[in-house]
Amino acid sequence: MLEMIEDIDAKMISLQSQIRNRKSCERNNFSYESDNQYKILVLTLELEKWEALMALIAQYQKKRGTPIIRKSKDFERTIQLQMKDVPGSIRRETCLAMIDYMKQLEWEIENKDEANGLSSLG
């Protein structure tokens, strides 16, 4: 994950540099103005896409980066209380919390498998 973030960061720095160079060329009139404006626009759009991707990766890294705490007893207690309240049903919030926790565990397993050179979960 960190390697991907570093690569994207390098790409963003490169694009920012290209945009600055194009804007300085505009002042010196080395190229046709409309062509230069178009290339600046294209580079700016590409930079925005990379920034959006970086924000998405940062969001996932934030989710993955939280420490894993044993929650099975908490989930068991919550489910038992909810089933006593309304027999045969579990609240949606509990189900969503369990799904998030399972995803977190899967990501941790995948990271350990990748570190050990094993294939990821299917």
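Everything below is about the structure shown above.
Residues numbered from 1 in each chain as written. Predicted model: local features only at pLDDT ≥ 70, side-chain atom pairs only at ≥ 80, totals over all residues. Heavy atoms only, no water.

Caption draft 1: Representation of the pattern of salt bridges within the structure. On inspection of all chains with the given rule, the structure shows four salt bridges. The residue Lys11 makes a salt bridge to Glu46 at a minimum N-O spacing of 3.7 Å. Note that Lys11 is positioned in helix α1 (residues 2–28) and Glu46 in helix α2 (residues 33–64), a separation of 35 residues in sequence. Salt-bridge contacts for Asp85 lead to Arg91; the nearest nitrogen and oxygen are separated by 3.1 Å. Among the residues examined, Asp85 registers a relative accessible area of 49% and is labelled partly exposed. (Salt bridge = Lys/Arg side-chain N within 4 Å of Asp/Glu carboxyl O. Helix = DSSP H or I, 4+ residues; strand = E, 2+ residues; numbered from the N terminus. Buried < 20%, exposed > 50% of the residue type's maximum accessible area, 1.4 Å probe, protein only.)

Caption draft 2: Structural view of a negative patch on the surface. On the surface, Glu3, Glu6, Asp7 and Asp9 cluster together into a negatively charged patch. Given a relative accessible area of 36%, Asp9 falls into the partly exposed group. (Patch = residues over 30% accessible without salt bridge, like charges linked within 9 Å, V, L, I, M, F, W, Y side chains within 5 Å. Areas by Shrake-Rupley, 256 points an atom, 1.4 Å probe, with all protein chains shown as cover. Lys, Arg positive; Asp, Glu negative; His and termini not counted. Charge placed at Lys NZ, Arg CZ, Asp CG, Glu CD.)

Caption draft 3: Structural detail: helix α4 (residues 92–116). Under the 1.5 Å per step criterion, the end-to-end length of α4 is 36 Å for 25 residues, consistent within 8% with the ideal 36 Å. Contacts from the buried residues of α4 go to α2 and α3 (72–85). (Expected span 1.5 Å × (residues − 1). Contact = heavy atoms within 4.5 Å.)

Caption draft 4: A look at the packing of aromatic side chains. Scanning the entire structure with this criterion turns up two aromatic pairs. Their ring planes at 90° and their centres at 6.4 Å tell us that Tyr60 and Trp107 sit as a pair that is edge-to-face. Residue Tyr60 is found in helix α2, and its partner Trp107 is found in helix α4; the two are separated by 47 residues along the sequence. (Phe/Tyr/Trp six-rings, centres within 6.5 Å; stacked < 30°, edge-to-face > 60°.)

Caption draft 5: Examining the nonpolar core more closely. In terms of nonpolar packing, the biggest core is built from nine residues, these being Ile5, Ile8, Met12, Leu15, Ile19, Leu43, Leu47, Met54 and Ile57. For this core, the secondary-structure elements that each account for two or more residues are α1 and α2. If you tally residues by element for this core, the top one is α1, at five residues. Residues contacting Ile19, with those up to four places away along its chain left out, are Leu43, Thr44 and Leu47. (Core = buried A, V, L, I, M, F, W, Y, C linked by side-chain atoms within 4.5 Å.)

Caption draft 6: Representation of the packing of α2 against α4 in the model. Packing of α2 against α4 brings their axes to within 10 Å, and their N-to-C directions diverge by 95°. Our classification of the angle between α2 and α4 gives roughly perpendicular. Of α4, the residues touching α2 (which contributes Tyr60, Lys63 and Arg64) are Gln104, Trp107, Glu110 and Asn111. Along the lines of polarity and charge, the residues of the contact of α2 with α4 split into two nonpolar, two polar and three charged. (Axes fitted to C-alpha atoms, helices over the stretch in contact; angles between N-to-C directions. Parallel < 35°, antiparallel > 145°, perpendicular 65-115°, else oblique. Nonpolar A, V, L, I, M, F, W, Y, C, P; charged D, E, K, R; others polar.)

Taken by themselves, the reported measurements are silent on function.
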